[in-house]
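Residues per chain, in single letters:
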Amino acid sequence: MKRIDGKEIAAQIRAEVKEDAEKFFAENGIKVGLAVVLVGDDPASAVYVRNKIKACEEVGFLSSAYRLPADATQDEVESLVVQLAEDERIHGILVQLPLPGHLDAERILALIPTEKDVDGFSAENLGRLACGKEGTVACTPLGVMELLARSGAEIAGKRAVVIGRSNIVGKPMAMLLLNANATVTVCHSKTKDLASICAQADILVAAIGRAKFVTADMVKEGAAVIDVGINRVDGKLVGDVDYDAVAPKTSMITPVPGGVGPMTIAMLLKNTLSCAQRSLR
Ligand code: NDP
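The structure reproduced in this document is the subject of the present report. (Residues numbered from 1 in each chain as written. Predicted model: local features only at pLDDT ≥ 70, side-chain atom pairs only at ≥ 80, totals over all residues. Heavy atoms only, no water.)

## Some thoughts on the overall build of the protein
Right, so step 1: Helix and strand content of the protein: 10 helices and 11 strands.
Right, so step 2: Computed over the C-alpha atoms, the radius of gyration of the protein is 19 Å, within 12% of the 19 Å expected from 2.2 N^0.38 for a compact globule of 281 residues.
Right, so step 3: Its C-alpha atoms give the protein principal-axis dimensions of about 50 × 45 × 35 Å.
Right, so step 4: Taking all 281 residues of the protein together, 47% fall into the buried category.
Right, so step 5: Sequence-distant contacts in the protein: of pairs separated by 6 or more residues, those separated by 24 or more amount to 71%.
Right, so step 6: Mean positive and mean negative side-chain charge positions of the protein (32 and 36 charges, respectively) differ by 4 Å. (Helix = DSSP H or I, 4+ residues; strand = E, 2+ residues; numbered from the N terminus. Rg over C-alpha atoms; globule rule 2.2 N^0.38 Å. Buried < 20%, exposed > 50% of the residue type's maximum accessible area, 1.4 Å probe, protein only. Contact = heavy atoms within 4.5 Å. Lys, Arg positive; Asp, Glu negative; His and termini not counted. Charge placed at Lys NZ, Arg CZ, Asp CG, Glu CD.)

Written out as structure tokens, the structure is:
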């Protein structure tokens with residue numbers, strides 16, 4: 001059994017992005033730019049934004065946080081996003097979610113141009129993924145593909161099962177695995193015989209949000225198991241997979257924390273760089 005070290009793989013990706021961003025600057029005289037919009041003062045969101053800005057600075061991007069008060073109006077947030085959309089120095093726009101309840105998040109996100117949608121959440125980008133066209137893919141499922149590839153997992157021809165069908169994790173995850181020629185099944189809360197479907201998987205991705213949901217009997221001997229879940233139990237972070245019981249059966253598995261989590265920011269950096277590169281084409 002191999003324990004996939006997400007921290008180490010994320011560090012490799014950040015180093016690669018740094019090198020490519022320097023090359024991009026040397027060739028074009030342009031710094032890669034990311035704008036992060038934070039509305040309100042949710043402490044967890046503030047930490048996420050700070051970490052994203054710090055990661056950008058470490059790889060030499062130009063990055064700024066645009067902070068608006070919790071009582072900002074829909075018009076104020078929309079005007080900021082429109083202004084960022086028009087700013088040529090900015091290649092990626094990220095609106096930190098969740099937004100305060102009085103705001104219409106969907107309308108705000110729709111103002112981010114597809115080519116600056118570094119989170120890959122837009123219907124256009126999700127559609128491009130479904131059609132196998134170039135676009136930006138959501139950071140977390142893209143990070144899972146990197147973990148699999150860099151850990152030597154074979155994907156083509158394998159049976160993959162994804163538990164979860166959200167637009168930001170489960171669906172893009174399933175499409176990425178399908179595009180990589182796996183035979184993919186997507187499970188969700190209405191799935192019958194979920195345990196026996198999971199037990200057929202060569203690659204099992206859990207993106208549910210329920211602590212230790214995946215137990216040893218649901219896992220095939222030799223499977224690659226990727227745990228996307230983040231759950232807080234008694235102050236501790238726990239994944240969707242019962243790691244201690246499942247790990248001995250697997251060929252490779254991600255821990256929580258230290259598996260998929262660190263990949264998300266690394267892939268955000270990679271997506272921002274790709275948006276900058278595409279902006280010159
Ligand atoms: P959502 O809540 O949007 O989706 C959860 C999915 O799990 C749904 O499709 C739901 O099915 C399914 N589900 C819920 N309960 C069951 C059940 N009992 N049996 C089968 N399926 C079930 O969550 P997200 O996709 O946003 O996130 C999933 C997990 O990944 C969360 O723990 C989240 O914190 C974590 N996450 C981690 C990230 C990271 O960086 N590591 C980034 C993003 C998310 P249905 O559609 O039928 O309701």
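There is more to say after this.
## Focus: the sheet that holds strand 3 (residues 62-68)
Right, so step 1: Taken together, the 3 strands give an open sheet; going across it, the order is 3-2-4, and neighbouring strands pair in parallel fashion. The sheet terminates laterally at strand 3 and strand 4 (92-95), the two strands that pair on one side only. Mean inter-strand twist for the sheet, computed between neighbouring axes without regard to direction, equals 15°.
Right, so step 2: Two elements, strand 2 (residues 33-39) and strand 4, share 4 bridges in a ladder whose sense is parallel. In the strand pairing of strand 4, Ala35 is matched with Ile93. (Pairing = 2+ DSSP bridges. Axes fitted to C-alpha atoms, helices over the stretch in contact; angles between N-to-C directions.)

## Some thoughts on the sheet that holds strand 11 (residues 252-253)
Right, so step 1: In spatial order, the strands read 1-11-8-7-5-6; together these 6 strands make up an open sheet with parallel pairing. Every other strand in the sheet has two partners, leaving strand 1 (2-3) and strand 6 (183-187) as the edge strands with one partner each.
Right, so step 2: Inspection of the sheet shows strand 1 paired to strand 11 by 2 bridges, in the parallel sense. Within the sheet, the bridge partner assigned to Arg3 lies in strand 11 and is Ile253.

## Let's talk about the pairing of strand 6
Right, so step 1: Across 5 bridges, the pairing between strand 5 (residues 159-163) and strand 6 is parallel. In the sheet register, Ile163 faces strand 6, and the bridge partner there is Cys187.
Right, so step 2: Tracing the backbone out of strand 5, into helix 7 (residues 170-179) and back to the parallel element strand 6 gives a crossover that is right-handed. (Right-handed = clockwise from strand over helix to strand, strands pointing away.)

## With respect to the side chain of Ser63
Right, so step 1: For Ser63, the position within the fold is in strand 3.
Right, so step 2: We classify Ser63 as buried; its relative accessible area is 14%.
Right, so step 3: When residues no more than four places from it in sequence are discounted, the contact partners of Ser63 are Leu34, Ile53, Cys56 and Glu57.

## Some words on the packing of helix 6 (residues 139-150) against helix 7
Right, so step 1: Taken N-terminus to C-terminus, the directions of helix 6 and helix 7 make an angle of 40°; their axes are 8 Å apart at the nearest point. When the interaxial angle is binned, helix 6 and helix 7 end up oblique. Helix-helix and strand crossings are classified by hand; for helix 6 and helix 7 the assignment is right-handed. Of the residues in helix 7, those touching helix 6 at Pro141, Leu142, Val144, Met145 and Leu148 are Pro172, Met173, Leu176 and Leu177. (Parallel < 35°, antiparallel > 145°, perpendicular 65-115°, else oblique. Left-handed = near helix turned anticlockwise from the far one by under 90°.)

## A word on the site of the ligand
Right, so step 1: In the vicinity of the ligand lie 20 residues, with Arg165, Ser166, Ser189, Arg210 and Thr264 positioned nearest.
Right, so step 2: Within the side chain of Arg210, a nitrogen or oxygen atom sits 2.9 Å from a nitrogen atom of the ligand.
Right, so step 3: In isolation the ligand exposes 930 Å². Once the protein is present, 70% of that is buried.
Right, so step 4: Of the residues in the shell around the ligand, the class split is 9 nonpolar, 9 polar and 2 charged. (Near = heavy atom within 4 Å. Polar contact = N/O pair within 3.5 Å; in protein donor to acceptor, adjacent residues only side chain to side chain. Areas by Shrake-Rupley, 256 points an atom, 1.4 Å probe, with all protein chains shown as cover. Nonpolar A, V, L, I, M, F, W, Y, C, P; charged D, E, K, R; others polar.)

## Some details on helix 7
Right, so step 1: Among the 10 residues that make up helix 7, 7 are buried, leaving the element largely enclosed by the rest of the structure.
Right, so step 2: Those residues of helix 7 that fall on the buried side of the exposure criterion are Gly170, Pro172, Met173, Ala174, Met175, Leu176 and Leu177.
Right, so step 3: Buried residues along helix 7 sit in contact with helix 5 (123-131), helix 6, strand 5, strand 6 and strand 7 (203-206).
Right, so step 4: One or two positions beyond helix 7, positive phi appears at Asn181, with a value near 70°.

## What to know about unusual backbone geometry
Right, so step 1: Note the cis peptide between Leu97 and Pro98, where omega equals 0°.
Right, so step 2: Within the secondary structure, Pro98 is located in the loop between strand 4 and helix 4 (105-109).
Right, so step 3: Cis geometry is adopted by the peptide bond preceding Pro257, which originates at Val256 and carries an omega value of -5°.
Right, so step 4: With respect to the helices, strands and loops of the structure, Pro257 is situated in the loop between strand 11 and helix 10 (261-279).
Right, so step 5: Look at Asp193: it is not a glycine, yet its phi comes out positive at around 55°.
Right, so step 6: For Asp193, the location among the structural elements is in the loop between strand 6 and helix 8 (194-198).
Right, so step 7: For Asp234, which is not glycine, the phi dihedral falls at a positive 50°.
Right, so step 8: On the accessibility criterion, Asp234 (80% relative accessible area) is exposed.

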